[in-house]
Amino acid sequence: QVQLVESGGGLVQAGGSLRLSCAASGIIFSSNVIMGWYRQAPGKQRELVAVFTGRGLTNYADSVKGRFILSRDNALNTVYLQMNSLKPEDTAVYYCNADVLGTTTRRYWGQGTQVTVSS
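No experiment lies behind these values; they were computed from the predicted model shown.

Let's shift gears to the overall build of the chain. Within the chain, the secondary structure is distributed over 0 helices and 11 strands. Relative to a compact globule of 119 residues, whose C-alpha radius of gyration would be 14 Å, the chain shows 14 Å and is just as compact. If you line up the chain on its principal axes, its C-alpha atoms span 45 × 25 × 25 Å. Here the chain, with 119 residues, has 43% of them falling under the buried criterion. For the chain, long-range pairs separated by at least 24 residues make up 53% of all intrachain contacts whose partners lie at least 6 apart in sequence. When the accessible surface of the chain is summed, it comes to about 6,400 Å², and 49% of that surface belongs to carbon and sulfur atoms. Taking the average location of the 11 positive side-chain charges in the chain and that of its 7 negative ones, the two points are 3 Å from each other.

Structure representation (structure tokens):
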């Protein structure tokens, strides 16, 4: 059973920083597991924030480039999202995502963690 458990959300002032963590169980980080972060603001669709590509590179949404850093610890099966220079428009529920590639792609989500940036 795959589980993704996020932590690290909270309330921060604009310009501040937070680090989100996503601990994965039931899967092993490998080239066929794509890990990333999405977010969903009130009244908006869920959007990609940052993701490790199948080649181990990272891909960021334009809105967070230069401010957010995606990293991973394979030994701990944990993915991190360091968020710097936070803006009020970064306020959203952040979800950890795992896509397990195969004959069919299986998609898993964490429960989400709230990030609120005050102006």
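Now that the structure has been shown, we can carry on.
So, on to the packing of aromatic side chains. Both the distance between ring centres and the angle between the ring planes are used here to describe each pair of aromatic rings. Per the stated rule, a full pass over the model turns up 2 aromatic pairs. For the pair Y38 and W109, a centre-to-centre distance of 5.1 Å together with 75 degrees between the ring planes defines the contact as edge-to-face. Placement of the pair is Y38 in strand β4 (residues 33–40) and W109 in strand β10 (residues 106–109), with a sequence separation of 71 residues. The exposure class of W109 is partly exposed, given its relative accessible area of 32%. By way of ring pairs, the aromatic residues Y38, Y95 and W109 are connected into one cluster. It is R46 that lies over the ring of Y95; its NZ or CZ is 3.7 Å from the centre. A cation sits over an aromatic face here: R72 above F52, 4.5 Å from the ring centre.

With that out of the way, let us pick up the side chain of N77. Its location among the elements puts N77 in the loop between β7 (68–73) and β8 (78–83). A polar atom in the side chain of N77 sits 2.6 Å from the backbone oxygen of I27. Once residues within four sequence positions are removed from consideration, N77 is found in contact with C22, A23, A24, I27, I28 and F29.

The next point concerns the pairing of strand β1 (residues 3–7). Only one face of β1 is buried, namely the one carrying L4 and E6, since none of Q3, V5 and S7 on the opposite face is buried. Bridge count between β1 and strand β3 (residues 18–25): 5 bridges; the pairing is antiparallel. Within β3, the residue paired with E6 across the bridge is C22.

So, on to the state of the cysteines. Per the counting criterion, the structure on display carries 1 disulfide. Between C22 and C96 runs a disulfide, and the two sulfur atoms are separated by 2.0 Å. Its S-S torsion of approximately -80 degrees makes the covalent link between C22 and C96 left-handed. Here C22, found in strand β3, pairs with C96, found in strand β9 (residues 92–100); they are 74 residues apart in sequence, far enough to count as distant. Like C96, C22 is buried.

The rules behind these values
Chains are numbered independently. Their residues run from 1 in the order of the written sequence. The predicted nature of this model means local features are confined to residues of pLDDT at least 70 and side-chain atom pairs, given and counted, to a pLDDT of 80 or more, with totals for whole chains, interfaces and linings taken over all residues. Based on all heavy atoms of the structure, the side-chain values leave hydrogens and waters out of the count. Comment: elements are numbered from the N terminus, with helices defined as DSSP H or I runs of at least four residues and strands as E runs of at least two. Between the two quantities, the radius of gyration covers C-alpha atoms and the globule rule is 2.2 Å times the number of residues to the power 0.38. Only protein chains enter the accessibility calculation, which uses a 1.4 Å probe. A residue is then buried if its area is under 20% of the maximum for its type, exposed if over 50%, and partly exposed in between. Contacts are residue-level and defined by heavy atoms, with any inter-residue pair within 4.5 Å sufficient. Where accessible areas are quoted, they stem from the Shrake-Rupley method and a 1.4 Å probe; at the residue level, only the protein chains shown are allowed to cover. Charged residues are defined here as Lys and Arg on the positive side and Asp and Glu on the negative side; His and the ends of the chain fall outside this count. Working definition for charges: the position is that of NZ of Lys, CZ of Arg, CG of Asp or CD of Glu. Each aromatic pair joins two rings of Phe, Tyr and Trp (for Trp, the six-membered one) with centres within 6.5 Å, and gets the label stacked for planes under 30 degrees apart, edge-to-face for over 60, and tilted for any other angle. Only lysine NZ and arginine CZ atoms are considered, and such an atom sits over a ring when it is within 6 Å of the ring centre and within 35 degrees of the ring normal. Whenever a nitrogen or oxygen atom comes within 3.5 Å of another N or O atom, the pair is scored as a polar contact, on the condition that within protein one atom can donate a hydrogen and the other can accept it, and that pairs from neighbouring residues in sequence are kept only if both atoms are in side chains. A pair of strands is considered paired only if DSSP assigns at least 2 bridges between the two. Whenever a pair of cysteine sulfur atoms sits within 2.5 Å, that pair is classed as a disulfide.

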